[in-house]
Amino acid sequence: MHPTEISDRKGNVYTFDAAEKTKEGYFLIKYFSKDSVNFEDLEECAKIAKNNFKKRTEVFVMRIVCLAKNFDDDALSEYKKLLKNKGNPPLDLILVTENGYTPLKISERLMDR
């Protein structure tokens, strides 16, 4: 797996810390280094992934794993909104702790292929 940087028209760069192409789609990992991740951060991550990892015109993302030291209450309470949009890829939220990792939200949905 390798990091992937995506630039937009304004020159902003968005980095996925790992992007591995599989036959089912890209497996992406995004580590948020900021103190707390909010819902808008998750929305942006999903939007960038679905707009930039495609096969022909279809979204080609198998799963996005989001790692962070903290997800704010808004991110956790609004999480299901992201999953209701069938255009968004499955998204997992994993808390990074001193002793390892704690899964907070794991999408049970698979992308339709």
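Note: the structure precedes this text.
What you see is a predicted model, and the numbers here were worked out from it, not measured in a lab. (Residues numbered from 1 in each chain as written. Predicted model: local features only at pLDDT ≥ 70, side-chain atom pairs only at ≥ 80, totals over all residues. Heavy atoms only, no water.)

Student: Honestly, the packing of aromatic side chains in this entry has me stumped. Any pointers?
Tutor: The geometry of an aromatic ring pair is captured by the separation of the ring centres together with the interplanar angle, meaning the angle of the planes. In the structure shown here, the tally under the stated rule is four aromatic pairs. Considering the side-chain rings of Tyr14 and Phe16, the 5.3 Å spacing of their centres and the 65° angle between planes classify their relative orientation as edge-to-face. Both residues of the pair, Tyr14 and Phe16, count as buried. For the pair Phe16 and Phe53, a centre-to-centre distance of 5.7 Å together with 80° between the ring planes defines the contact as edge-to-face. Linking Phe16 in strand E2 (residues 13–22) with Phe53 in the loop between helix H1 (39–52) and strand E4 (54–55), this pair joins segments that are 37 residues apart in sequence. Connected via pairs of aromatic rings, a cluster forms that spans Tyr14, Phe16, Tyr26, Phe53 and Phe60. Lys30 extends its terminal NZ or CZ atom over the ring of Tyr14, reaching a point 4.4 Å from the ring centre. Positioned over the ring face of Phe32 is Lys30, at 5.5 Å from the centre of the ring. (Phe/Tyr/Trp six-rings, centres within 6.5 Å; stacked < 30°, edge-to-face > 60°. Buried < 20%, exposed > 50% of the residue type's maximum accessible area, 1.4 Å probe, protein only. Helix = DSSP H or I, 4+ residues; strand = E, 2+ residues; numbered from the N terminus. Lys NZ or Arg CZ within 6 Å of the ring centre and 35° of its normal.)

Student: I'm lost on the pattern of salt bridges in this one. Help?
Tutor: Oppositely charged side chains may form a pair once their charged atoms are brought near each other. All told, the structure shown has three salt bridges when counted by the stated rule. The partner of Asp92 in a salt bridge is Arg63, with the nearest N and O atoms 2.7 Å apart. Highlighted residues: Asp92 in strand E7 (residues 91–97) and Arg63 in strand E6 (residues 61–68), separated in sequence by 29 residues. Arg63 shares its class with Asp92; the two are buried. Residue Lys81 is joined to Glu78 by a salt bridge in which the shortest nitrogen-to-oxygen separation is 2.9 Å. On the accessibility criterion, Lys81 (52% relative accessible area) is exposed. Residue Glu78 is classed as partly exposed on the basis of its relative accessible area of 22%. (Salt bridge = Lys/Arg side-chain N within 4 Å of Asp/Glu carboxyl O.)

Student: Help me understand H1 in this model?
Tutor: Two residues of an α-helix separated by three or four positions point the same way, owing to the 3.6 residues in each turn. In this model, H1 (14 residues) spans 20 Å end to end at C-alpha, consistent with the 20 Å of a helix rising 1.5 Å per residue. Among the residues of H1, Phe39, Asp41, Leu42, Cys45, Ala46, Ile48, Ala49 and Lys50 are the ones counted as buried. (Expected span 1.5 Å × (residues − 1).)

Student: Quick question: what am I supposed to make of the sheet that holds strand E1 (residues 2–7) here?
Tutor: Strand pairing in a sheet is mediated by backbone hydrogen bonds. Such pairs are either parallel or antiparallel. Strand order in this open sheet of six strands is E1-E2-E3-E6-E7-E8, and the pairing throughout is mixed. Looking along the sheet, the strands with just one partner apiece sit at the ends: E1 and strand E8 (100–105). Going from strand to strand, the sheet's axes swing by 30° on average, the running direction of each strand aside. Pairing geometry for E2 and strand E3 (residues 25–32), over five bridges, is antiparallel. Opposite Glu20, over in E3, you have Phe27 as the bridge partner. (Pairing = 2+ DSSP bridges. Axes fitted to C-alpha atoms, helices over the stretch in contact; angles between N-to-C directions.)

Just distances and angles here, no functional claims.
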